[in-house]
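Topology and contacts: notes
For reference, the chains in residue letters:
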Amino acid sequence: MFKQSRIIFFSLCLLLAACGGSDSGETSAGIHEANHQMFKWKMVTTWPPNFPIFQEGAEKFAADVKIMSQGRLDIHVYAGGELVPPLQVFDAVSQGTIEMGHGSPYYWAGKVPEAQFFSSVPFGMTAKGMNAWLYHGGGLDLWKEVYAPFNLVPMPMGNTGVQMGGWFNKKIESLDDIKGLRMRIPGLGGKVFKRAGGNPVLLAGSEVYTALERGMIDATEWVGPFHDMRLGLDRAAKYYYFPGWHEPGTEFELMINSHAWAQLPKDLQLMVETTAAAVGGWIYTQMEFHNQASLKELRSKKNVEVLEFPAEVLAELKRLTRETLDEEASKNAKFKKIYDAYTTFSESYKDWSKMSDEAYQKALRE
Ligand code: CA
């Protein structure tokens, strides 16, 4: 009898919810009650302390949410290494010792190779296509599916824009110039570089300048003019190549422990989602703004030549990228599933992009 009345009550609640019962006394009382609950959370990031734009963005997110929620969601942000090492962010949030993390999915390639498609892949989509796919083309749903077994809820929060190809101590005129070259280039880009005969080296950002300056490596990629100059790379190598074929627009993620997420009332969840999207826009436009300003400064430096990779080098790298991705997909069904979805969208988007961005940029040049 008791059980039955509970079922009837539950069904009534469902009906109320389905009929948009937000006007009912019961539902608004529920929201009112939830409004008093305070959440003190921690966020860990993969970025060094004070790292411009990236770490700043994570801190802006926390500050904005605190103001909007009137302190109900209070997030303390820790940079990489302050609470957990940068590359343990995924595990810490997955285990629930920390509620939130900010980084980029390709850092977890060792654990979840297919996550790289939610970050950036060589010759893949730029920020525009990526975000169209993630928000509206099913990309984010796939991303949630990939992260669910790890108790993580992902959402986009930032993009670097198109990166630069990197700093070299000699000119790259053909693929032969890549043979044997020791370059700091991580991820799938590194695999393609290796296939081209290069020697990819793994180095943390803090080691890059010294390694290049002392000749321990021959080349390095980092981000774009703004961050690269901050690192002093314009003093360590002469040739600065574009475009960043290996990272055409690296997407950043906000990841939330799924149990912690489930405890947040709907209004706070919406605040988190909306702020993540807004801060994502802030990060991306900051990148575009600072990169153009830094490029202008770089152009005035006599010790640096800004050069475009020859078309045939890019064509070869593109062919090797296809081979690399196909090989990964043949070994891993999960990777293949996301690769196929990504490719279906990006091929379709390319057609539109040719008529919009590409044609317009061409018209601007002529
Ligand atoms: Ca990079």
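Above: the structure in question.
A brief look at the structure comes next. (Residues numbered from 1 in each chain as written. Predicted model: local features only at pLDDT ≥ 70, side-chain atom pairs only at ≥ 80, totals over all residues. Heavy atoms only, no water.)

**Digging into empty space enclosed by the protein**
Within the structure shown, the criterion is met by two cavities of 30 Å³ or more. Of the pockets and cavities examined, the largest cavity occupies roughly 70 Å³. Lining the largest cavity, in full, are Tyr 106, Gln 116, Ser 120, Pro 122, Pro 186, Gly 187, Leu 188, Gly 189, His 246 and Glu 247. Across the lining of the largest cavity, the residue classes tally to four nonpolar, five polar and one charged. When we break the lining of the largest cavity down by domain, the ones giving at least three residues each are domain 1 (39–158 + 249–288) and domain 2 (163–246 + 304–331). In this structure, the second largest cavity encloses a volume near 50 Å³. Around the second largest cavity, the lining residues are Gly 165, Phe 168, Ile 178, Met 183, Phe 193, Trp 245, Phe 309 and Leu 317. Here the lining of the second largest cavity is composed, by residue class, of seven nonpolar, one polar and no charged. (1 Å grid on protein atoms, 1.4 Å probe; cavity = no way out; pocket = protein on both sides within 12 Å on 5 of 7 lines; lining within 4 Å. Points joined across faces, edges and corners; volume = space filled by probe spheres on them. Nonpolar A, V, L, I, M, F, W, Y, C, P; charged D, E, K, R; others polar. Domains from an automatic or database assignment.)

**Section: the layout of surface pockets**
Considering only enclosed or pocket space, the largest pocket measures out at about 1900 Å³ in volume. Gly 124, Thr 126, Val 162, Pro 243 and Pro 248 are, among the 46 residues lining the largest pocket, the residues nearest its centre. Going through the elements one at a time, helix H5 (127–136), helix H11 (266–299), helix H12 (311–331) and helix H13 (333–365) are the ones with two or more residues in the lining of the largest pocket. Of the residues that constitute the lining of the largest pocket, the class distribution is 21 nonpolar, 13 polar and twelve charged. Built from parts of two domains, the lining of the largest pocket gets at least three residues from each of domain 1 (39–158 + 249–288) and domain 2 (163–246 + 304–331). Volume-wise, the second largest pocket comes out at about 1200 Å³. Considering the residues around the second largest pocket, the lining is formed by 42 residues, among which Leu 87, Tyr 107, Arg 184, Pro 186 and Leu 203 are closest to the centre. Secondary-structure elements contributing two or more residues to the lining of the second largest pocket are helix H7 (187–195), strand E7 (199–201), helix H8 (205–213) and helix H9 (225–230). In terms of residues, the lining of the second largest pocket owes the most to one element, H7, which gives five residues. (Helix = DSSP H or I, 4+ residues; strand = E, 2+ residues; numbered from the N terminus.)

**A look at unusual backbone geometry**
Residue Pro 243 follows Phe 242 across a cis peptide bond; omega there is -5 degrees. Look at Asn 50: it is not a glycine, yet its phi comes out positive at around 60 degrees. Within the secondary structure, Asn 50 sits in the loop between strand E1 (39–45) and helix H3 (54–68).

**Quick word on the coordination of the calcium ion**
Only Gln 163 (OE1), Glu 221 (OE), Glu 221 (OE), Trp 222 (O) and Glu 247 (OE) from the protein coordinate the calcium ion, and they sit 2.2 to 3.0 Å from it. The motif formed by the donor residues of the calcium ion, counted along the single chain, is Q-x57-E-W-x24-E. One end of the pair, Trp 222, is in the loop between strand E8 (219–220) and H9; the other, Glu 247, is in the loop between strand E9 (239–242) and strand E10 (251–257), and 25 residues separate them in sequence. Take Trp 222: its relative accessible area is 15%, and that puts it in the buried class. (Donors = N, O, S within 2.8 Å, 3.2 Å for Na, K, Ca; no water. Buried < 20%, exposed > 50% of the residue type's maximum accessible area, 1.4 Å probe, protein only.)

**A word on the pairing of E1**
Of all seven residues in E1, five are buried; the element is thus mostly enclosed. Summarising the sheet, E1 and strand E2 (residues 73–78) pair through six bridges and their orientation is parallel. What sits directly across from Lys 42, in E2, is His 76. Following the chain from E1 across H3 to the adjacent parallel E2, one finds a crossover that is right-handed. (Pairing = 2+ DSSP bridges. Right-handed = clockwise from strand over helix to strand, strands pointing away.)

**Quick word on the sheet that holds E1**
Overall, mixed pairing links the five strands, which are arranged E2-E1-E3-E10-E4 in an open sheet. Strand pairing shows two members of the sheet lacking a second neighbour, E2 and strand E4 (152–159), which therefore form its edges. Strand-to-strand twist across the sheet, computed as the mean angle between neighbouring axes with direction ignored, equals 25 degrees. Sheet topology places E4 next to E10; six bridges connect them, and they run antiparallel. Residue Asn 159 lies in a different strand from E10, and its bridge partner there is Glu 251. Sitting on the sheet, H5 touches E4 and E10, and the angle it makes with E4 is about 155 degrees. (Axes fitted to C-alpha atoms, helices over the stretch in contact; angles between N-to-C directions. Contact = heavy atoms within 4.5 Å.)

**So, the packing of H12 against H13**
Orientation of H12 relative to H13, taken along the N-to-C sense of each, is 140 degrees, at an axis distance of 6 Å. Compared by their axis directions, H12 and H13 come out oblique. On the side of H12, the interface is formed by Arg 322, Leu 325, Asp 326, Glu 328, Ala 329 and Lys 331, while H13 contributes Ala 333, Phe 335, Lys 336, Tyr 339 and Glu 347. Here the residues of the contact of H12 with H13 sort into five nonpolar, no polar and six charged. (Parallel < 35°, antiparallel > 145°, perpendicular 65-115°, else oblique.)

**Observations concerning the side chain of Ser 104**
With respect to the element layout, Ser 104 can be found in the loop between strand E3 (100–103) and H5. With residues near it in sequence (within four places) discarded, Ser 104 still touches Trp 47, Ser 119, Thr 250, Glu 251, Phe 252 and Glu 253.

**Structural notes on H13**
Because an α-helix completes one turn every 3.6 residues, residues spaced three or four positions apart along the sequence face the same direction. Helix geometry: H13 is bent most strongly at Ser 353, by close to 50 degrees. Packing partners of the buried residues in H13 comprise H5, helix H6 (139–147) and H12. You can read the cap of H13 off the contacts: a side-chain oxygen lies 3.0 Å from the backbone nitrogen of Lys 334, and it is on Asn 332. (Bend = angle between axes of the 7 residues up to and from the residue. Polar contact = N/O pair within 3.5 Å; in protein donor to acceptor, adjacent residues only side chain to side chain.)

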